[in-house]
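Residues per chain, in single letters:
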Amino acid sequence: MDFFISLTPYIIDWLDLITRWIHIIVGIAWIGTSFYFNWLDSRLDRNIKKDDVEGELWSVHSGGFYNINKLKGPPKEFPKELHWFKWEAYATWISGFVLLIIVYYFNAESLMIDKNINNISPFLAIFISIFFLISSWFLYDFLCKSKLIDNSFLFTIICFVITVIIAFALTNIYGARAAYIHVGAGLGTIMAANVFRVIIPSQKEMVNAAINNKQPDLKKGISAKQRSIHNNYITLPVLFIMISSHYPFTYGHKYNWAILAIISIIGALVRHYFNLRNKRQHKKWILPIAALGMISVMLYTSIPKVITKNYNETNSFEEVSFSEIENIIKYRCGVCHAYNPTFEGFDAAPLGVVFETKEDIINNIDQIKSQSIDSDVMPPGNLTGMTENERKQISIWIDQGSKINNLPE
Ligand code: HEC
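Just so we're clear, the structure is a prediction, and the values are computed from it rather than from any experiment.

(A) Spotlight on a nonpolar patch on the surface. On the surface, Trp-14, Leu-17, Ile-18, Trp-21, Ile-22 and Ile-25 cluster together into a nonpolar patch covering about 660 Å² of accessible area. On the secondary structure map, Ile-22 appears in helix H1 (residues 2-43).

(B) View of the packing of helix H9 (residues 256-278) against helix H10 (residues 286-315). In contact at an axis separation of 9 Å, H9 and H10 are set at 160° when each is read in the N-to-C sense. The angle between H9 and H10 places the two elements in the roughly antiparallel class. Crossing of H9 over H10 shows left-handed handedness. Contacts from Ile-259, Ile-262, Ile-263, Ile-266, Leu-269, Val-270, His-272, Tyr-273 and Leu-276 of H9 reach H10 at Ile-286, Leu-287, Ile-289, Ala-290, Gly-293, Met-294, Val-297 and Thr-301. A class-by-class count of the residues in the contact of H9 with H10 yields 14 nonpolar, 3 polar and no charged.

(C) Local environment of the environment of Met-386. With respect to the secondary-structure elements, Met-386 resides in the loop between helix H13 (365-372) and helix H14 (388-399). Since its relative accessible area comes to 5%, Met-386 is described here as buried. The spatial distance from the C-alpha of Met-386 to the C-alpha of Asp-376 is 9.5 Å, given a sequence separation of 10 residues. Beyond its immediate chain neighbours, meaning those up to four positions away, Met-386 contacts Ile-328, Arg-332, Pro-379, Arg-391 and Ile-394.

(D) Broad picture of the domain arrangement of the protein chain. On domain assignment, one finds that the protein chain holds domain 1 (11-75 + 85-301) and domain 2 (316-399). Taking the mean C-alpha position of each, domain 1 and domain 2 sit 36 Å from one another. In this assembly, domain 1 packs against domain 2 so that about 770 Å² is buried in total across both faces, 62% of it on carbon and sulfur atoms. Together, Ser-110, Pro-248 and Gly-252 form the three largest contributors to the area buried by domain 1 at its contact with domain 2, with a combined 47%. Counting every contact that joins domain 1 to domain 2 gives 0 salt bridges. For the interface between domain 1 and domain 2, the tally reads 0 residue pairs in polar contact (both at pLDDT 80 or more).

(E) Spotlight on the coordination of the iron atom of the ligand. At 2.0 to 2.3 Å from the iron atom of the ligand lie its protein donor atoms, namely His-337 (NE2) and Met-378 (SD). In this structure, the iron atom of the ligand is surrounded by 6 donor atoms whose angles at the metal cover 85 to 179°, and the resulting shape is octahedral. Taken together, the residues span a long stretch of sequence, with His-337 in the loop between helix H11 (322-332) and helix H12 (358-363) and Met-378 in the loop between H13 and H14 at a distance of 41 residues.

(F) Quick peek at the site of the ligand. As a matter of local geometry, the ligand sits amid 22 residues, with Arg-177, Cys-333, Cys-336, His-337 and Met-378 nearest to it. For the ligand, an oxygen atom lies 2.6 Å from a polar atom in the side chain of Arg-177. The contact in question runs from a nitrogen atom of the ligand to an N or O atom on the side chain of His-337, over 2.7 Å. Looking at the shell around the ligand, its residues break down into 15 nonpolar, 5 polar and 2 charged.

(G) Here's a closer look at the state of the cysteines. Inspection of every chain in the model, using the stated rule, returns 0 disulfides. Here Cys-144 stays unpaired: no disulfide links it, and the sulfur of Cys-159, its closest cysteine neighbor, is 6.5 Å away. Residue classification places Cys-144 among the buried positions, given a relative accessible area of 7%. What makes Cys-159 buried here is its relative accessible area of 17%.

(H) Up close: H11. Within H11, burial applies to Phe-322, Ile-325, Ile-328 and Ile-329. Taken end-on, H11 shows its buried residues confined to a sector of 120°, consistent with a single buried face. Structurally, H11 contributes buried residues whose contacts are with H12, H13 and H14.

(I) Quick peek at the nonpolar core. Counting 53 residues, the largest nonpolar core has Trp-30, Tyr-104, Met-112, Phe-155, Tyr-174, Val-183 and Val-195 as the members making the most contacts within it. Those elements that provide at least two residues to this core are H1, helix H2 (87-105), helix H3 (108-112), helix H4 (122-145), helix H5 (152-171), helix H6 (176-211), helix H7 (218-244) and H9. Setting aside residues no more than four positions away along its own chain, Phe-155 makes contact with Tyr-140, Leu-143, Cys-144, Leu-148, Ile-149 and His-230. Val-320, Ile-325, Ile-329 and Ile-396 belong to the second-largest nonpolar core, a separate cluster that totals 17 residues.

(J) Representation of unusual backbone geometry within the structure. Omega for the peptide link from Met-378 to Pro-379 comes to -15°, which places this bond in the cis form. A positive phi angle is found at Ser-62, which is not glycine, with a value near 40°. For Ser-62, a relative accessible area of 58% gives the class exposed. The phi torsion at Asn-213 lies on the positive side, around 55°, for a residue other than glycine. Residue placement: Asn-213 occurs in the loop between H6 and H7. Asn-213 gets classed as exposed once you look at its relative accessible area, which sits at 74%.

(K) Structural view of the pairing of strand S2 (residues 64-71). Sheet topology note: the strand S1 (residues 53-61)/S2 ladder contains 8 bridges and is antiparallel. Note on S2: the bridge partner recorded for His-61 is Gly-64. Between S1 and the antiparallel strand that follows it, S2, lie 2 residues; Ser-62 among them carries a positive phi value of about 40°.

(L) Up close: the packing of aromatic side chains. Tallying each qualifying case throughout the model produces 16 aromatic pairs. Here Trp-137 and Tyr-140 contribute two aromatic rings whose centre-to-centre distance is 5.9 Å and whose plane-to-plane angle is 45°, an arrangement assigned as tilted. A residue pair is termed a helical-turn pair when its members lie 3 or 4 positions apart in one helix, as Trp-137 and Tyr-140 do in helix H4 at 3 residues. Taken together, the ring pairs connect Tyr-36, Phe-37, Trp-39 and Phe-85 into an aromatic cluster. Its guanidinium or amino end placed over the ring of Phe-35, Arg-271 lies 4.5 Å from that ring's centre, counting from NZ or CZ.

Parameters and conventions
- Every chain's residues receive numbers from 1 upward, in the order its sequence appears when written.
- With the structure being a predicted model, the display of local features is reserved for residues of pLDDT at least 70 and the display and counting of side-chain atom pairs for 80 or more, all residues being used for whole-chain, interface and lining totals.
- To obtain the side-chain values, all non-hydrogen atoms of the structure were included, while hydrogens and water were left out.
- Exposure above 30% relative accessible area and the absence of a salt bridge qualify a residue for a patch, where like charges join within 9 Å and nonpolar side chains (Val, Leu, Ile, Met, Phe, Trp, Tyr) within 5 Å.
- Note on areas: Shrake-Rupley, 1.4 Å probe, and residue coverage restricted to the protein chains presented here.
- Only one rule defines a salt bridge in this text: a Lys or Arg side-chain nitrogen within 4 Å of an Asp or Glu carboxyl oxygen.
- A run of DSSP states H or I qualifies as a helix once it reaches four residues; a run of E qualifies as a strand once it reaches two. Both are numbered from the N-terminal end.
- To obtain each axis, a line is fitted to C-alpha atoms, and for helices this fit is confined to the stretch in contact; angles are then taken between N-to-C directions over 0 to 180 degrees.
- For classification purposes, an angle smaller than 35 degrees is called roughly parallel, one larger than 145 roughly antiparallel, one from 65 to 115 roughly perpendicular, and anything else oblique.
- If you view the pair so one helix is near and one far, a crossing is left-handed when the near helix is turned anticlockwise from the far one by less than a right angle, and right-handed when it is turned clockwise.
- We call two residues in contact when some of their heavy atoms are within 4.5 Å.
- All residues other than Ala, Val, Leu, Ile, Met, Phe, Trp, Tyr, Cys, Pro, Asp, Glu, Lys and Arg, Gly among them, are scored as polar; the first ten of these are nonpolar and the last four charged.
- Exposed residues in this analysis have more than 50% of their type's maximum accessible area, buried residues have under 20%, and partly exposed residues fall in between, with area computed by a 1.4 Å probe over protein chains only.
- Segmentation of the chain into domains, including their bounds, is taken from an automatic or database domain assignment.
- Buried area: the sum, over both parts, of the accessible surface (1.4 Å probe) that disappears when the two are put together.
- Pairs of N or O atoms within 3.5 Å make up the polar contacts considered here, provided that, within protein, one atom can donate a hydrogen while the other can accept it, and that residues adjacent in sequence are counted only when both atoms are side-chain atoms.
- Donor atoms are limited to N, O and S found within 2.8 Å of the metal ion, a distance that becomes 3.2 Å for Na, K and Ca. With water left out, some sites might look partial.
- Each label reflects the angles at the metal, where four donors whose angles all fall between 85 and 135 degrees are tetrahedral, four or six donors whose opposite pairs open beyond 155 degrees and whose other angles stay between 65 and 115 are square planar or octahedral respectively, and the rest are irregular.
- When at least one non-hydrogen atom of a residue lies within 4 Å of a molecule or strand, that residue is treated as near it.
- Throughout, a disulfide means two cysteine sulfur atoms within 2.5 Å of one another.
- Each direction from the helix axis to a C-beta atom contributes to the arc, which is the arc of those directions.
- By nonpolar core we mean a set of buried residues, namely Ala, Val, Leu, Ile, Met, Phe, Trp, Tyr and Cys, connected to one another through side-chain atoms within 4.5 Å.
- Strands were regarded as paired on the criterion that DSSP finds at least two bridges between them.
- Pairing of aromatic rings covers Phe, Tyr and the six-membered ring of Trp, with a centre-to-centre limit of 6.5 Å; geometry is then stacked below 30 degrees between planes, edge-to-face above 60, and tilted otherwise.
- Counted as over-ring charges are cases with an Arg CZ or a Lys NZ within 6 Å of the ring centre that also lie within 35 degrees of the ring normal.

Below, the structure written as structure tokens:
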């Protein structure tokens, strides 16, 4: 029995990897088909002289020529097999939720909760997470069904402001990384639910109406179109949030919610540029503005680090010894990041990151810096009580050249 218990953390690590793999594959399939159909619709040759054809497109790919026709209405005779695109979306959501469970719910204590922000129990953290995912959809769906939807500019602004408020609130409930991933998970839930609750039912209705020779419900068609436009704009921000959890200079920043807001605008702007381009409107000014926004965020988050470095170099006369650093890392990090962690609840080194020897520290110096000096995401929730002064000592030691030769022999 003990043997199987010891095996569990390694198995969970594997499940994490496999689920992530599936999540990325089905996500690519979903976003890929969605990008493809957007592109396809915009590139149709609409000057075609065939009665029932709205537009035509020729393409060449993977060793063959493809001739696609978009019909003006339903086909006179339904084909034996009509392809739907829905499982990509459902599988992305399901695998994403499983990932949320494996990575965050299983490690709620260390990855969701930051006691300095909010000392909640793991149970409450998980409860809030599930409640948040469900209510994001209901709130968004409510706004879509309200009068607000008739004014798309106002609708966009209000949805954006609500998202920023939610992001801000989440950074005050959870640890930074969990807060970020929840904004992404909430938006992803809205996207998948749009497919499940609105887009696919509307298409089913369209097919049924055609089969029964009836007029389809126009209103349903319009809301399906709106939801797919929303999905289209949310895509880039969601993808940014998903990958940003590997970059502590985003979610670990003091104003992480504002960075998320600005990058979301940039992502949606870039998407807007391509949507307009597909309509043959070339609003070239959008791209430089997006680039300028990105550069501003980059400089805003990076410059203070260089200033600290220069300050350290000119103002710290006393050399920090390596043994001091080794001690800090041993007590503040090594309790988890060891082959046999001593911190309760950890049975294996998280992500395989180990700080046991001098070499472990030297070889991982950039990682240590980004996780615990340039941001304070490690130790998670500061579980081991690392002090500001200790972070400063490591920072000075790195700026002094991260030497180990002053180690007592
Ligand atoms: C309470 C346990 C714990 C302590 C203490 C701790 N870590 Fe971690 N660390 C984790 C966990 C859990 C992860 C994995 C997070 C994930 O799943 O992405 C991690 C991941 C990391 C990573 C890899 C990040 C990545 O995304 O590749 C680095 C580097 C790291 N920690 C450095 C440190 C440093 C430096 C310290 C000390 C200042 C420290 N950790 C203290 C639990 C801990």
